[in-house]
Structure formats: structure tokens, C-alpha cells
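Architecture at a glance
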Amino acid sequence: MRRAAKRMYALVDCNNFYASCERVFDPGLEGRPVVVLSNNDGCVIARSQEAKDLGIGMGEPIFKCRDRIDAQGVVVRSSNYTLYQDLSRRVVETIGQFVPDIEVYSIDEVFLDLAPMAGRDLDELCRTIRGTVRQWTGIPVSIGVGTTKTLAKAANRIAKRTPESRGVHRFPEDEPERSRTLESIGIQDVWGIGRRWSRRFLDLGIATALDLTRVPPTEVRRNFNVVAMRTALELDGVPCQELETVVEPRQTLVRSRSFGEMVTDWTDLSEAIATHATRAAEKLRAEGGRAGRISVFLNTNRFREDLPQYHRSGTCELLPHTDVTPVILRRALELGRGIWREGFHYKKAGVMLSELAFEHPQSGLFDDRDHARDERLMGVLDRINRTMGPRTLQPAAVGRPERQRWQMKRAHHSPRYTTRWSDLPRTR
DNA sequence: TCTGGGGTCCTAGGACCC
DNA sequence: TCTGGGGTCCTAGGACCC
């Protein structure tokens, strides 16, 4: 009998990624508390270690920590996704120099398959990767190693929290260290167990990762679902998740935003829906896809319990699949008009394209559109917006920018030095 | 006053069919 | 009064992730 090759995974996770990115190009931020904000100046979505130490929470609304931010001289930055995406790509390329089989899990996380490196000193390999990424990109990373992805994730968390590990930690496989480590992990800190489930687990008396490994898997499945069961098995060292090295084509594409101020008129709402539909279609074409279904959704402000609540979506098929802005736009507005109701204060609207296809389009048997003409038209539209700046040409339905009262608030937005004439830096 | 955006997967339940 | 059962497909909603 041949024993299955032993698996070994690593998770490379960038420390405080967005905040670290801001520091790469502004070293004066080193040692200072830095936070990066979400859209609409809403929430804190990244914090440097110094900001975490001040007790500023992840996802905390800015208005709740405004006092601490002002008092402690915290540097506040808006998200610069173009920059983060570019640095992310460089981090991935650097890691790829050392390990061939990698899965880009998110903008700041990469799983590695270390099984082929079995003969090597894994600790040394990880320290080399960590040092090189820091040197080549300026981004600090932590690395966790384990026999399953879930254990690698847990080891990563330990690497980040224990200074002695100096950024690299391997999940122990031998007793009693293994059990002791599992016991030190609260159920709420297990990857794949969120707020709702951890509350339910705690009610059942399951408080740590070790407790979870001691529940029969079928029991976990019965009380939760197969995802939770896999998590429990992975904590116990049974791999249930492979490394996904091939990037699967996306299934959905969403464009949505909260409004700067609440909206009641159909006119304002229709401009927002038209804007999202236009952006979604642009993105779809940029990726070479076509959509077979479109949905539009509207929400009131869920935090305003004093106001009547309303959230609804409408959906319809796109036959044949399409990437043509006018087609998508018309459908989006029809759907939006169908679900809009007078008398509500709307806070958010969005457009979702789904049933996406990325292969060659099927010939439409039952439609009479001139597809060659559509394609030329969209080609010209995209080219103009690419060369002359985003939104140079837009459908009239998006409305006039100066009248878009629903637009995001962006009081903290830094100047768009490179994309807006009026924001060009000047010298005197 | 002020609370992000974009994804995936799973399951329950209804519609429909034979 | 008694009121099938099983399969498939679809969708909405709920959970999770970063």
C-alpha cells in the first residue's frame, strides 16, 4: 500500500495590507498610526499596528472613532485600489520566484503548496520568502504553515501575534503541542466560523478549535452545514480544500454604492441605476464576458429604524447574452422602475450581472439586433473613455454630474493628481 | 448628522413534472 | 373522511470570506 503524499500548505498574508501600501510611497508614515477608509468616508477598513493599538476597530464607522483619530494624530487615507492591486501583483510575482504552485486567495493573501518542497527546510524557505518580499516590494508579510489550509491560516495568525515567531510559524503536528495550540484558538477566530456560527457554537459549549475537533463531523454537518464540517475536519488535520491554482472565471459582477444622502425621487434613483449599469457593462467588456441575467436592487437605510424599511430586487434574463451598454441600461431602468415605490428614503442601489459567459457568443437565433454594429459602437465608446479619461462619453441617463445629489461623500479624498487636470500638482 | 463593496457556496422551499 | 411520492430546477436568503 502506498501512503498518500503528505500535504503541506503555507499562507502568506500581508500585514495590514492597505496601510502598509500607503507607507511604501510615504515612508514618513512609518511608526505612525494609519487608517484607510471605505467608500463614502464610511468605515475603517485597514489599520496599521499603531492604529490597532489605539483600539480603532476593523470596520468601525469613522464617526465613532473620530475623537480618537483627531486626538492621537492618526493619519487617515482613502482607498487607492489601483496602488494596492499593483503592489499585490508584485508580492505574488516575488513569491512565485520560490514556489511554483500558488493560489492567489485575495488581494493580500496567497496559499502555497509546499508538499513538493518536502525535502527542504521549510522554516528557512519561508524566512527567505518573507525577507525577499519585504526587500523587493516594501510589504511586510507573515507566513503560516500547516497540513491543511485551515491550519496554515491558524498558524499565520500565531505568526502575526507572537513576536518570537518573527513572522513565520508552523502549526505543531505532535502532541501535546498540537492540542494545546488548538485549545488556544477561540472558536470565533477559526477561519470559516463567523459571528453567527461562533455564537451558536458557544451556546453548544464549543468554545475553542480543540472543542470543535472533538465533535463528530456528522453532528457538525447536521447542526450547521457541510462547510462547517469541512472546517472542523481541517482543524483536525484532514484536508478538505485543495489549492486552487487555476483562476475560475467569475460568476457575477456587481456595481453598487450607498448614496451620499438619502434619495426619494425616481429621477435621482434612475441616474444612480443608470450609472451602475454603465459601469458594470464597461467592466464586463473589459473582461471579455457577456451576461445572461441582470438584477437591480434597492435598499433603504437599515440603520434608520425610525423610517419605513424597503429592500427589493428585480431580475430578468438577457437573451441572447450581452455586453452592450444600451441593452443592459434599458433593462436595468425597466427593472428599477418596476421595484421603486414612492414614499421611501433610499440609501443604496445596485446592478448585478450574472450567468456570465466568457467563451465565444452563441449566434442569436431569435433576435434582430445588428451585433456587428453594437460591437463597433462599444469598441469606439471604450476606446474614447480609455484614451480621453473615464466617463468622457456616458449615456444621458446617468444625469449631469453637478446635479447628482446621490453621489458619494468624499470629504477626505486626496487629490486625483494623475487623472484630473484641476488636481495636477503645481509648482510656483 | 455620519455605518463599504464585491465575491462564493450551501440549503430550504416552491414550482413543476411524471 | 381519505388527499402520492420522488426528482429536478430555480430562487431567495443566509452564512462565510477579504
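Scroll up to find the structure this text is about.
The present account deals with the structure reproduced in this document. (Residues numbered from 1 in each chain as written. Chains lettered and ligands numbered in written order. Predicted model: local features only at pLDDT ≥ 70, side-chain atom pairs only at ≥ 80, totals over all residues. Heavy atoms only, no water.)

A few words on the packing of aromatic side chains. One pass over the structure, following the stated rule, counts 14 aromatic pairs. A network of ring pairs unites the aromatic residues Phe 17, Tyr 18, Tyr 81 and Tyr 84 as a single cluster. Directly above the ring of Phe 111 sits Lys 149, whose terminal nitrogen or CZ lies 4.9 Å from the centroid. A cation over a ring is seen here: Arg 337 above Trp 266, with NZ or CZ 5.6 Å from the ring centre. (Phe/Tyr/Trp six-rings, centres within 6.5 Å; stacked < 30°, edge-to-face > 60°. Lys NZ or Arg CZ within 6 Å of the ring centre and 35° of its normal.)

This part is about the protein's contact with DNA strand C. Close to DNA strand C lie 14 residues, the nearest being Ser 106, Asp 108, Lys 153, Arg 196 and Trp 197. Of everything in DNA strand C that lies within 4 Å of the protein, sugar and phosphate atoms constitute 100%. Asp 108 places a polar side-chain atom, nitrogen or oxygen, 2.8 Å from a sugar or linking oxygen of DNA strand C. Listing elements by their share of the surface near DNA strand C, those giving two or more residues are β5 (102-106) and α8 (195-203). Take the surface near DNA strand C: its biggest share by element is three residues, from α8. Of the residues assigned to the surface near DNA strand C, the class counts are five nonpolar, three polar and six charged. (Near = heavy atom within 4 Å. Polar contact = N/O pair within 3.5 Å; in protein donor to acceptor, adjacent residues only side chain to side chain. Helix = DSSP H or I, 4+ residues; strand = E, 2+ residues; numbered from the N terminus. Nonpolar A, V, L, I, M, F, W, Y, C, P; charged D, E, K, R; others polar.)

Right, let's get into the protein's contact with DNA strand B. Inspection of the region around DNA strand B gives 21 residues, with Ser 38, Arg 250, Val 254, Ser 256 and Ser 258 positioned closest. The sugar-phosphate share of atoms of DNA strand B within 4 Å of the protein amounts to 73%. The separation between a phosphate oxygen of DNA strand B and a polar side-chain atom of Arg 255 is 3.4 Å. Ser 258 has a polar backbone atom sitting 2.8 Å from a phosphate oxygen of DNA strand B. For the surface near DNA strand B, the elements supplying multiple residues, two or more each, are α11 (226-235), β9 (252-263) and β12 (346-354). Here the surface near DNA strand B takes seven residues from β9, the largest share from any one element. Residues that form the surface near DNA strand B fall into these classes: eight nonpolar, seven polar and six charged.

By size, the foremost hydrophobic cluster in this structure holds 33 residues, and its most contacted members are Phe 259, Leu 269, Ile 273, Ile 294, Leu 298, Tyr 346 and Leu 353. If you list the elements that add at least two residues to this core, you get β9, α12 (266-286), β10 (291-300), β11 (311-322), α13 (325-339) and β12. Residue contributions to this core peak at nine residues, all from α12. Residues Val 12, Cys 14, Leu 122 and Val 141 belong to the second largest nonpolar core, which totals 31 residues. (Core = buried A, V, L, I, M, F, W, Y, C linked by side-chain atoms within 4.5 Å. Buried < 20%, exposed > 50% of the residue type's maximum accessible area, 1.4 Å probe, protein only.)

Time to look at the sheet that holds strand β8 (residues 168-170). In space, the five strands of this open sheet follow the order β5-β6-β1-β7-β8, with mixed pairing throughout. Every other strand in the sheet has two partners, leaving β5 and β8 as the edge strands with one partner each. Strand-to-strand twist of the sheet, defined as the mean angle between neighbouring strand axes without regard to direction, takes the value 20°. Relative to strand β7 (residues 141-146), strand β1 (residues 9-14) runs antiparallel, the two being bridged by six bridges. Its bridge partner lying in β7, Tyr 9 is registered against Gly 146. (Pairing = 2+ DSSP bridges. Axes fitted to C-alpha atoms, helices over the stretch in contact; angles between N-to-C directions.)

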